[in-house]
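# Structural features, examined
Spelled out, the chains give:
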Amino acid sequence: MTITVGLVVEIAFNLIQQLMFIGFLYLFFDKGENKIKNILAFWISVLLLFTMANYFTFNEMTLNHLDSIITIVVMLVYSIFFLKGELYLRIIIPIIAFGLNMLISYLNLFVMSTFGDVPFVEAITFSSSFRYMYLTVANLLYLVALLIILRIGKRKIQVVSKVEIIAFIIVAAALYTGSLSTMIFYKQLINNEELTPYIIIVLVSLFVSAGVFWFLLLKISKDNQVKTDLLLSRQREEMYRESVISSSEQIRLVSEIKHDMKNNLSSIYSLIDNGQYDDAKRLCLDCSDSIAKVYTPINTDNPTLNAILNVEIEKARQIDISFSYTVTDSLDFVSATDVVSIIGNLCDNAIEYLSAIDKSQRKMSLEITVKNDYRIIMCRNTILSSVLSVNPDMKTTKNDETLHGKGLSILRSIAEKYNGTLSYQEDDDSLEVTLVIKDIK
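None of the values given here were measured: they were computed from a predicted structure. (Residues numbered from 1 in each chain as written. Predicted model: local features only at pLDDT ≥ 70, side-chain atom pairs only at ≥ 80, totals over all residues. Heavy atoms only, no water.)

Before going further, it helps to examine the confidence of the model for the protein chain. Predicted confidence across the protein chain gives a mean pLDDT of 76, with 63% of residues reaching 70 or more. Mean pLDDT values for the elements of the protein chain range from 53 in helix H5 (residues 120-125) up to 93 in strand S3 (residues 374-382). Every residue in residues 155-160 is under pLDDT 50, and counting partners more than four places away or in other chains gives 14 contacts. Below a pLDDT of 50 lies the segment residues 397-405, which in the model reaches 9 contacts outside its immediate sequence neighbourhood of four places, other chains included. (pLDDT = per-residue confidence, 0-100. Helix = DSSP H or I, 4+ residues; strand = E, 2+ residues; numbered from the N terminus. Contact = heavy atoms within 4.5 Å.)

This is the structure we're talking about:
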């Protein structure tokens, strides 16, 4: 390559790299409301790093790794003073981003110089077609890594099957292998600088193809999320339908008891007046039994929690499950959808199991308690034999996994969303599922 072309290529790569450094931080963190300040801070940081990179590219450094030190300092200043988010993240993420760049660059350079039969020092310092192809591959790999971090950081990846995860990894490995093979083939067999632009086009095409694949994979993941949301919507719809039915039934029972109570009170008064105290006592007990048939609905300051708890209690009551509960927190920081998912899935799993065993052993309990900033939701139910020894991961045993067995998967995602955990444990006669979530407001 001519000196002019080499100069342009070096400057172009310097600009691209600085844009990736600062652009990644810009996209990862939140910004202030002053858009002019955001834009100025972004471009000033880019230009500072771009000027520094060009100076050290065309001049000999007097202090080893001075360029790396300056880059980290500029990234930290930009992140800490001009972006928003957790302070520890604004300190750690720039260091991780820079370290990842160094790891990819030097690992890539070492492998390519070794198999391409080019001295390491020559590959990193001398302008050549091999160096420019190395820079192309290294920067594209770094861009892919940053995009993946952004996706994970913004919680946009919803990969739900092992097949998708394996496909994601295999494509990345195939991409790197293809790029490396192309460059080695070029270096060993057809070392012709006139072909360099075409080889670079081939390398870029490999990355574009991988990008299209990953985009389609994310679309599939989004469809999976839509399917999950649809299941949740159906769950909410069923909850409200059952809540209405349950409320109507309770209103009917209360009306009947109210009607009967008038007659019973008159009868009790008459019995006492006639000295028939034993008969009056028996009638009082009958009245107490009638009242006990109508449970007192849960009444917290969270209407969604009230609705789903009352639905689950009624479900259990209808199939003779002894359901005890303790509620000391209303989960007011949890979204309505998540409240329904948490209580619905915990209770439904227990109710489904208990419905298949003898009525005398149908017992379950639900506790919602507080410990510091955490809420502990624990559901416990009787079991006839060990569940975890047979199914330690609590996977669905139903044939259609796309329509069934989503409950625990949803609970795991909620635990992750609220910086919590989902755990299971059992003793001789009961299984306990515990969800711990943090108040992230």
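From this point on, the discussion continues.
What follows deals with the sheet that holds S3. Working definition: the strands of a sheet are paired by backbone hydrogen bonds and lie parallel or antiparallel to each other. In space, the 5 strands of this open sheet follow the order S1-S2-S3-S5-S4, with mixed pairing throughout. Each edge of the sheet is formed by a strand with only one pairing partner; in this case those strands are strand S1 (322-327) and strand S4 (421-426). Geometrically, the sheet is characterised by an average inter-axis angle of 10 degrees between neighbouring strands, direction not taken into account. Where strand S2 (residues 363-371) and S3 come together, 8 bridges link them in antiparallel fashion. Bridged to isoleucine 368 within S3 is isoleucine 377. Together, S1 and S2 form the strand contacts of helix H10 (residues 303-318), whose direction differs from that of S1 by roughly 160 degrees. Contacting S1, S2, S3 and strand S5 (430-438), helix H11 (residues 336-354) runs over the sheet at an angle of about 10 degrees to S3. (Pairing = 2+ DSSP bridges. Axes fitted to C-alpha atoms, helices over the stretch in contact; angles between N-to-C directions.)

Further remarks concern the nonpolar core. Ranked by size, the top nonpolar core spans 40 residues in total, and within it Ile342, Ile343, Met364 and Ile377 carry the most contacts. Going through the elements one at a time, H10, H11, S2, S3, helix H12 (406-417), S4 and S5 are the ones with two or more residues in this core. Of all the elements, H11 adds the most residues to this core, at 9 residues. If near-sequence neighbours (up to four positions away) are discounted, isoleucine 377 is found in contact with Leu331, Ile342, Ile343, Leu346, Leu366, Glu367, Ile368, Val433, Thr434, Leu435 and Ile437. (Core = buried A, V, L, I, M, F, W, Y, C linked by side-chain atoms within 4.5 Å. Buried < 20%, exposed > 50% of the residue type's maximum accessible area, 1.4 Å probe, protein only.)

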